[in-house]
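# Architecture at a glance
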Amino acid sequence: MRVLLVGAGGVGTAITRIAARRPFFDLMVVADYDHARAESAVAALGPDASRFRAERVDASDERAVADLLARHACDVLVNATDPRFVMPLFRAAGTAGATYLDMAMSLSRPHTERPYEECGVKLGDEQFALAAEWEKAGSLALVGMGVEPGLSDVFTRYAADELFDEIEEIGIRDGANLTVDGYDFAPSFSIWTTIEECLNPPVVYEAGRGWFTTAPFSEPEVFDFPEGIGPVECVNVEHEEVLLVPRWVDARRVTFKYGLGQEFIETLKTLHLLGLDRTDPVTVPGPGGKVAVSPRDVVAACLPDPATLGERMHGKTCAGTWVRGTRDGAPREVYLYHVVDNQWSMAEYGCQAVVWQTAVNPVVALELLATGSWSGSGVLGPEAFPARPFLDLLTAYGSPWGLREQ
């Protein structure tokens, strides 16, 4: 396997450090708009860097990405950029006949008239619209293969295959007790992506009704997270799992709720109130005259890079899937989860917990594809593949998962 990894930020760098310990690939080309950042990611691998190359590429330039795939004879493209670049990278991989893998799907657009009732363009719609073309070509696009979406979807497949006869409800629940020394507000993941998913109308799925939307931060509930994290208030947030799970798993209701905390929610609301969540450029004075800038990009530039926060960060993060249904005629309720302690991920890999937890799952998926344990064609989510090989290999990577009867 020869891999083109586009994006050498926090998650991309973590992918290199995890993959460097595994023998399943021959080459990984690490490409970024900032060539120095790609070189830094490779150089940090030290003696393990022999199978890695650094390149510069503009993720929005489909031709350049396809040419880079061809130049290095890469058969897989891994997208570790933010969701703005999903479609050009997706199309570039399709043009080159390469397998495509991402951790976030094509962007949504709210319904123009009833944004908090009906879906407009849903997450992943642009990719699924091309599914027939990928299947006809015999190519695979594995979409939403991070932690959430990704591992959470694998948990869903496992629950449907091995734990339940019928599923009433599936709820992805994400919470943490992470703190960052020296910062009053320091998101542990890309603020660009966080704003996108938290301020867009959340999507809910119900059998018989299909997909519909609610207001941001709706339906708050307190969920008790394992391994010492404890109770955290979670709210509805737009996320890919709600759009992926019903395509492959029968459930009467599917939701995604995130433990954000009231202070975080109020900060996001303020950014929205001031228009600082906008992506359309605004014109501002500059030293050489007027310049056009995206308010959201300015917010991101003003905050610390999440990848650099590991040494200041303390606590654990938990991603998981809560499932309610029946088994052998009796009610059953479980929470399948994966917890990463920041102290462990920093000591073992030099990566903070959230980016490491996101990065390990695409590497596991790549290894399963390389060995033939996972295979397919078309545009497929993690639910389309058997769960047990993934969960066994994740444990073999030194990061076991858990199951709690509720």
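In what follows, the accompanying structure is described. (Residues numbered from 1 in each chain as written. Predicted model: local features only at pLDDT ≥ 70, side-chain atom pairs only at ≥ 80, totals over all residues. Heavy atoms only, no water.)

So, about the pattern of salt bridges. Counted by the stated rule, this structure contains 27 salt bridges. Here Arg37 makes a salt bridge to Asp32, at a shortest N to O gap of 3.0 Å. With a closest N to O distance of 3.0 Å, Glu169 and Arg324 form a salt bridge. Placement of Glu169 in strand β7 (residues 166-176) and of Arg324 in strand β17 (residues 316-327) is noted, with a sequence separation of 155 residues between them. The network of salt bridges with shared partners includes Glu169, Arg173, Glu206, Glu219, Glu221, Arg253, Lys257 and Arg324. (Salt bridge = Lys/Arg side-chain N within 4 Å of Asp/Glu carboxyl O. Helix = DSSP H or I, 4+ residues; strand = E, 2+ residues; numbered from the N terminus.)

Let us now look at the side chain of Ser294. Of note, Ser294 is situated in the loop between β15 (289-293) and α11 (295-302). Excluding residues within four positions of it along the chain, Ser294 makes contact with Arg278, Thr279, Asp280 and Pro281. (Contact = heavy atoms within 4.5 Å.)

We now examine empty space enclosed by the protein. With the rule as written, the count across this model stands at 1 cavity of 30 Å³ or more. Counted as a void, the largest cavity has a volume near 80 Å³. Taken together, 14 residues make up the lining of the largest cavity; nearest its centre are Gly120, Val121, Val203, Thr213 and Glu238. Within the lining of the largest cavity, the residues separate by chemical class into 6 nonpolar, 4 polar and 4 charged. (1 Å grid on protein atoms, 1.4 Å probe; cavity = no way out; pocket = protein on both sides within 12 Å on 5 of 7 lines; lining within 4 Å. Points joined across faces, edges and corners; volume = space filled by probe spheres on them. Nonpolar A, V, L, I, M, F, W, Y, C, P; charged D, E, K, R; others polar.)

Before going further, it helps to examine unusual backbone geometry. Residue Pro149 follows Glu148 across a cis peptide bond; omega there is 0 degrees. Of note, Pro149 is situated in the loop between β6 (140-142) and α7 (151-163). A positive phi angle is found at Glu227, which is not glycine, with a value near 55 degrees. Positionally, Glu227 belongs in the loop between β11 (221-225) and β12 (230-236). Glu227 sits in the partly exposed class, given a relative accessible area of 43%. The backbone of Asp328 sits at a positive phi, close to 55 degrees, despite the residue not being glycine. Relative to the helices and strands, Asp328 is located in the loop between β17 and β18 (330-341). Classification of Asp328 by relative accessible area gives exposed; the value is 68%. (Buried < 20%, exposed > 50% of the residue type's maximum accessible area, 1.4 Å probe, protein only.)

Remark on secondary structure: sheet strands pair via backbone hydrogen bonds, oriented parallel or antiparallel. A sheet is described by the order of its strands in space; here 7 strands give the open sequence β3-β2-β1-β4-β5-β6-β19, paired in parallel fashion. Each edge of the open sheet carries a strand with a single partner, namely β3 (52-56) and β19 (378-380). Each adjacent strand pair in this sheet contributes to an overall mean axis angle of 20 degrees, direction not counted. Relative to strand β2 (residues 27-32), strand β1 (residues 2-6) runs parallel, the two being bridged by 5 bridges. Within β2, the residue paired with Leu4 across the bridge is Val29. (Pairing = 2+ DSSP bridges. Axes fitted to C-alpha atoms, helices over the stretch in contact; angles between N-to-C directions.)

Moving on, we come to the nonpolar core. Within the largest apolar cluster, 92 residues are counted, with the highest numbers of intra-cluster contacts made by Ile15, Trp374 and Phe390. Looking at this core, the element that brings in the most residues is helix α13 (residues 353-371), giving 11 residues. With 28 residues, the next largest nonpolar core counts Val57, Ala59, Ala92 and Phe128 among its residues. (Core = buried A, V, L, I, M, F, W, Y, C linked by side-chain atoms within 4.5 Å.)

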